[in-house]
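Structural description and commentary
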Amino acid sequence: MAAHRYMHNLAHNLAHITQQIQTAAAQYQKQHNLGKHTIKLIAVSKYQNLDSMRALYLAGQYAFGENRVQDLRDKQRGFCSALSDLAPTAPASAPIEWHFIGTLQRNKINSLLALSPTLIHSIHSLELALSLDEKCRAKDRIQPILLQVNAANEPSKHGFSLESTCDAFAHIRAHCPHLRLQGLMCIGAHTHDTQAIEESFARTKALYDTLQAHFAGVETLSMGMSGDFAYAIKQGANMVRIGSALFV
Ligand SMILES: *Cc1c(COP(=O)(O)O)cnc(C)c1O
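Small disclaimer: the values here were computed from a predicted structure and weren't measured. Note on numbering: residues in each chain are counted from 1, in written sequence order. Given that this is a predicted model, residues contribute local features only at a pLDDT of at least 70 and side-chain atom pairs are listed and counted only at 80 or more, while totals for whole chains, interfaces and linings are drawn from all residues. To get the side-chain values, take all heavy atoms of the structure and skip hydrogens and water.

**Quick look at the pairing of strand β3 (residues 97-100)**
What you see with β3 is no split at all: Glu97 and His99 on one side and Trp98 and Phe100 on the other are buried throughout. Relative to β3, strand β2 (residues 63-66) runs parallel, the two sharing four bridges. Paired with Ala63 across the bridge in β3 is Glu97. When DSSP finds two or more bridges between two strands, those strands count as paired. Only runs of H or I of at least four residues qualify as helices and only runs of E of at least two qualify as strands under DSSP, and these elements are numbered from the N terminus. Bridging between β3 and strand β4 (residues 119-123) involves two bridges; their strand directions are parallel. Each bridged residue has a counterpart across the sheet, and for His99 the counterpart in β4 is Leu119. Only protein chains enter the area calculation, which uses a 1.4 Å probe; residues under 20% of their type maximum are buried, those over 50% are exposed, and those in between are partly exposed.

**So, unusual backbone geometry**
Of note, Asp140 is a non-glycine position whose phi angle comes to about 55 degrees, a positive value. Relative to the assigned elements, Asp140 resides in the loop between α5 (126-138) and β5 (143-149). Residue class for Asp140 comes out exposed when judged on its relative accessible area of 66%. Even without being glycine, Asn153 reaches a positive phi, approximately 55 degrees. With respect to the helices, strands and loops of the structure, Asn153 is situated in the loop between β5 and α6 (162-175). Residue classification places Asn153 among the exposed residues on the basis of a relative accessible area of 60%.

Now the structure itself:
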């Protein structure tokens, strides 16, 4: 009974968040005189069990984000077997996406690649990119990635500094043929000062625009979490990563 109500709430939360995303996107679209501006939602399932993920999946959410390789593996395995039970009701053509959003250690690269993540959001150093490229070459694979930017310059956070990102981007594009570098990810400033949060997103968007002017295939700006996604969308995010607000 309680479990059933929780499942129902998840579908409701998803609808509610989707609505908020669409409203913010419509405002952005209007303000910048754009054509259709779509925003992709990644459901961050790092603290969730398979039942909750399954409920979201049935409600139409097909992209999930995890921040630990081990968790991604467990969720993926569990989900695949759960999906065979769901087959009669699941939309047959809905491909599930697994996004990796956590800090990646070099000794976990092979384990992560074995899981074929849809997108790795969190490439935070040149060394990591070079190692990943090498492993992808050995496996004859092309891996989509984003560079993580430390837009608020917080020592507690991983990521490229705003100043170093352009050069790193160019270097990876030139030297890592097995990485498809398609944009940037950032975590908003860790503060209650909404202006500082918005500024961290705005700086990342400015950098994204610069990259877009210089390189082809720059198309993903992943920023915004439960507490700040409206600000991120206002500043131009086209991918948001939401956990706690979905799974309440
Ligand atoms: C946990 C996490 C999120 C989601 O955070 P919520 O506040 O629960 O929405 C998004 N991005 C990253 C990198 C995370 O680690």
